[in-house]
Every structure is written in C-alpha cells, then in structure tokens.
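A structural walkthrough
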Amino acid sequence: MTWIITKYALTAAVVVLVSEFAKRSDRLGGLIAALPMITVLTLIWLYVEKQSPEKIANHAWYTFWYVLPTLPMFLVFPALLPRLGFWLTLLACVVITIFCFGLFALAVRRFGIELL
C-alpha cells in the first residue's frame with residue numbers, strides 16, 4: 001500500500017510542478033508539459049514492479065502512436081478558446097482528438113499497426 005501511495009504522490013507532484021511553472025511562464029510551462037515525464041515515470045514504475053522488457057517496450061511503442069493524433073488539439077485549442085470559452089473549447093478538442101485518433105488508427109492499420 002505504501003508503494004502505491006508513493007507512486008500517486010510522485011506522479012501528482014509532477015502535474016502540480018508543471019502547472020506551477022505554467023503560471024509563471026507560458027513557454028517554460030509548455031516546455032515542461034511537453035516533456036514525457038508521466039511516460040518516463042510509468043516506464044520506471046513498470047521496471048521497478050518487475051514487468052517484462054516486452055511489456056515496458058510495448059508501453060513506449062504505443063505511447064508514441066497515441067501521442068501523434070493528439071497534436072492537432074494543441075493547435076485548435078488556442079484558436080477556439082477566445083470564441084467558445086474554456087469548457088466548450090475543451091469539449092471540442094476532446095471530440096477533435098477522438099476523431100483524429102479514429103482516422104489515424106485507420107491510416108496506420110494499413111501499415112500493420114493496430115491501435116484499436
């Protein structure tokens with residue numbers, strides 16, 4: 001139980017750290033948020049918990065493919081925010097991301113990459 005509480009605390013600390021940096025500097029906050037800190041922590045947790053190298057490698061592999069269709073959201077969000085407000089923009093970005101993911105999954109399936 002102590003281990004899972006430690007994992008939660010460290011992972012939450014990363015999220016809080018990013019939001020605190022973002023309050024002070026848009027650029028620095030964006031840079032830190034773009035770093036794959038949560039993925040790195042996940043890879044560490046998987047390794048420490050003695051998951052197989054194949055499992056750890058698969059996590060990194062799929063993370064790469066799942067990140068790509070989320071990228072358009074970061075371009076659409078700033079454009080929609082002044083027009084729709086925060087919550088509608090966030091909702092629109094979630095819908096756009098799901099749509100992009102579906103299209104992307106269909107596109108990469110042709111190359112033997114199964115995301116769904």
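Below is a summary of the structure that appears in this document. (Residues numbered from 1 in each chain as written. Predicted model: local features only at pLDDT ≥ 70, side-chain atom pairs only at ≥ 80, totals over all residues. Heavy atoms only, no water.)

**Some words on the overall build of the protein**
The condition that has to hold: The helix and strand labels rest on DSSP assignments: H or I over at least four residues marks a helix, E over at least two residues marks a strand, and numbering proceeds from the N terminus. Computation of the radius of gyration draws on C-alpha atoms alone. For the globule rule, the value is 2.2 Å times the number of residues to the power 0.38. Remark: exposure states derive from per-residue accessible area (1.4 Å probe, protein chains only) relative to the maximum for the residue type, with buried under 20%, exposed over 50%, and partly exposed in between. Any two residues having at least one pair of non-hydrogen atoms within 4.5 Å are treated as being in contact. What sets the accessible areas is the Shrake-Rupley method with a 1.4 Å probe; for residues, cover comes only from the shown protein chains. As used throughout, the charge tally considers Lys and Arg to be positive and Asp and Glu to be negative, leaving His and the chain termini uncounted. A single reference atom marks each charge: NZ on Lys, CZ on Arg, CG on Asp, CD on Glu.
In terms of regular secondary structure, the protein is built from six helices and zero strands. Ordered by position in the sequence, the α and β elements of the protein form the string α-α-α-α-α-α. Taken over C-alpha atoms, the radius of gyration comes to 17 Å for the protein, far larger than the 13 Å a tight globule of 116 residues would show. Projected onto the principal axes, the alpha-carbon positions of the protein cover approximately 50 × 45 × 25 Å. For the protein, the proportion of its 116 residues judged to be buried stands at 19%. For the protein, restricting intrachain contacts to residue pairs at least 6 apart in sequence, the fraction spanning at least 24 positions comes to 46%. As presented, the protein carries roughly 8,700 Å² of accessible surface, and 75% of it is formed by carbon and sulfur atoms. Here the protein carries 9 positive and 5 negative side-chain charges, and the mean point of each set is 5 Å from the other.

**Things to note about helix α6 (residues 86–109)**
Under the convention used in this document: To estimate the expected span of a helix, subtract one from its residue number and multiply by 1.5 Å.
End to end, α6 covers 34 Å across 24 residues, agreeing with the expected 34 Å (1.5 Å per residue, within 8%). Buried residues of α6: T89, C93, T97, C100, F101, A105 and V108, and no others. The secondary structure elements touched by the buried residues of α6 are α4 (53–67) and α5 (71–84).

**As for the pattern of salt bridges**
Just so we agree on the cut-off: A pairing counts as a salt bridge when a side-chain nitrogen of Lys or Arg comes within 4 Å of a carboxyl oxygen of Asp or Glu.
By the definition in use, this model includes four salt bridges. Two residues, K7 and E49, come together in a salt bridge whose shortest N-O distance is 2.6 Å. On the criterion of sequence distance, the pair formed by K7 in helix α1 (residues 2–24) and E49 in the loop between α3 (37–48) and α4 is long-range, its members being 42 residues apart. Among the charged side chains, a salt-bridge network with shared partners connects E20, K23 and R24.

**Describing α4**
The first and last C-alpha atoms of α4 sit 21 Å apart over 15 residues, in line with the 21 Å expected at 1.5 Å per residue. Within the span of α4, buried status applies to I56, T63 and W65.

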